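Single-letter residue listing:
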Amino acid sequence: MDVLNDILDTLDLKGALYFRTDFCAPWGVTVPELQQAARFHLVVQGNCHVTFPSGAEIDLGPGDLVLIPKGRSHILSDKSGAHAPPLETVLERAGFAGQGVLVWGEGSAHAATQMVCGHLSFRGGADHPLLRALPEYMLASAATRARTPLLDEMLRLVARTVFSGEIGSDAAVTRLSEIVFIELLRAGIAEDPQLGTMLEALRDKQIGRALELIHANPARPWTVEHLAAEIGMSRSRFADRFSSLMGVGPMAYLADWRLQKALALLDDSRCSVQQVATQTGYQSPAAFTRAFAGKFGLPPTEYRRALA
């Protein structure tokens, strides 16, 4: 089983394109916070300065992409310290209705900054050590792209597709953005210490196998002893190594993952609460309801009504 695929599928990773830009200096925009999402900006032409809540700043050139996980607000501009009104204000003043290109600024069109801007969303309540380990931002620079040919190819395809103007181009870009996110994770995992431990866990012969067992059958009544025996490790050594790599103990990971699977199953109206409880390893609907409400703040029946 591909554990990374199961994680992203269960958390309901979805891409969305929200605008293309034609920004002429001087320009700036404050992008608002967006929970359960990761925003991305791909520079196709020109330059873009990005300021993060921590005060960190980076400059993007043609071909660079930045991903801002966890929905954090940030500022895009032509230079550091530029006036940056809220995105809603820019959209209103530009008369942008959600289609075509967002045009902003009064400088030379020949020096305009053209970008593809979108976001990747996750199901409400989505949670996983992988998401918690994501850094403030992830940058795909020319050097990153040179080391990761598939990511480079995907970004070239996004740029060509979004500005082609062909029927279905926006839909194609949203799908491609999901692949870009996965490839950027792979590239970032190799460079970021916290993400690196996640990759090590997935690739580790024994811990990776334990994760496969959990993800393949989360309803099974796993114990630390049972998992350790399955992968040929002592109980204490397994628990210590799993916690070191994943940032959480094996039983806590299993409990959290069962509830993430429950969220996905509750989105399917064909599954009753009792069926969801059974499929996620709970002894009774009452036990499932207590665990679900403790994690998400409302019982599964109310969660489902809210979805409807």
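The sections below set out a description of the structure shown in this document.

The rules we used
Residues numbered from 1 in each chain as written. Predicted model: local features only at pLDDT ≥ 70, side-chain atom pairs only at ≥ 80, totals over all residues. Heavy atoms only, no water. Helix = DSSP H or I, 4+ residues; strand = E, 2+ residues; numbered from the N terminus. Polar contact = N/O pair within 3.5 Å; in protein donor to acceptor, adjacent residues only side chain to side chain. 1 Å grid on protein atoms, 1.4 Å probe; cavity = no way out; pocket = protein on both sides within 12 Å on 5 of 7 lines; lining within 4 Å. Points joined across faces, edges and corners; volume = space filled by probe spheres on them. Axes fitted to C-alpha atoms, helices over the stretch in contact; angles between N-to-C directions. Parallel < 35°, antiparallel > 145°, perpendicular 65-115°, else oblique. Contact = heavy atoms within 4.5 Å. Nonpolar A, V, L, I, M, F, W, Y, C, P; charged D, E, K, R; others polar. Buried < 20%, exposed > 50% of the residue type's maximum accessible area, 1.4 Å probe, protein only.

Let's talk about the environment of R304
Working step 1: Relative to the assigned elements, R304 resides in helix α14 (residues 300-307).
Working step 2: Residues R304 and D267, 37 residues apart in the sequence, show an inter-C-alpha distance of 7.2 Å.
Working step 3: A distance of 2.6 Å separates a polar atom in the side chain of R304 from the backbone oxygen of C271.

Considerations on empty space enclosed by the protein
Working step 1: This structure, assessed with the given rule, holds four cavities of 30 Å³ or more.
Working step 2: Counted as a void, the largest cavity has a volume near 60 Å³.
Working step 3: Lining the largest cavity, in full, are D127, H128, P129, R132, V248, A252, Y253, D256, W257 and Q260.
Working step 4: Of all elements in the fold, only α3 (129-132) and α11 (250-266) reach the threshold of two or more residues within the lining of the largest cavity.

Observations concerning the packing of helix α8 (residues 207-216) against helix α10 (residues 235-246)
Working step 1: Contact geometry for α8 and α10: axes closest at 10 Å, N-to-C directions at 85°. On the basis of their axis angle, the class for α8 and α10 is roughly perpendicular. Every residue of α10 that contacts α8 at I207, A210 and L211 is listed here: F238, R241, F242, L245 and M246.
Working step 2: Partitioned by chemical class, the residues of the contact of α8 with α10 number seven nonpolar, no polar and one charged.

Concerning unusual backbone geometry
Working step 1: Following A25, the chain continues into P26 via a peptide bond in cis, with omega recorded as 0°.
Working step 2: Turning to its location among the elements, P26 is positioned in the loop between β1 (14-23) and β2 (28-31).
Working step 3: The phi angle at D12 is positive, at roughly 65°, despite the residue not being glycine.
Working step 4: As for its position among the elements, D12 is in the loop between α1 (3-10) and β1.
Working step 5: For D12, a relative accessible area of 21% corresponds to the partly exposed category.
Working step 6: A positive phi angle, close to 65°, is found at K70, a residue other than glycine.
Working step 7: Since its relative accessible area comes to 37%, K70 is described here as partly exposed.

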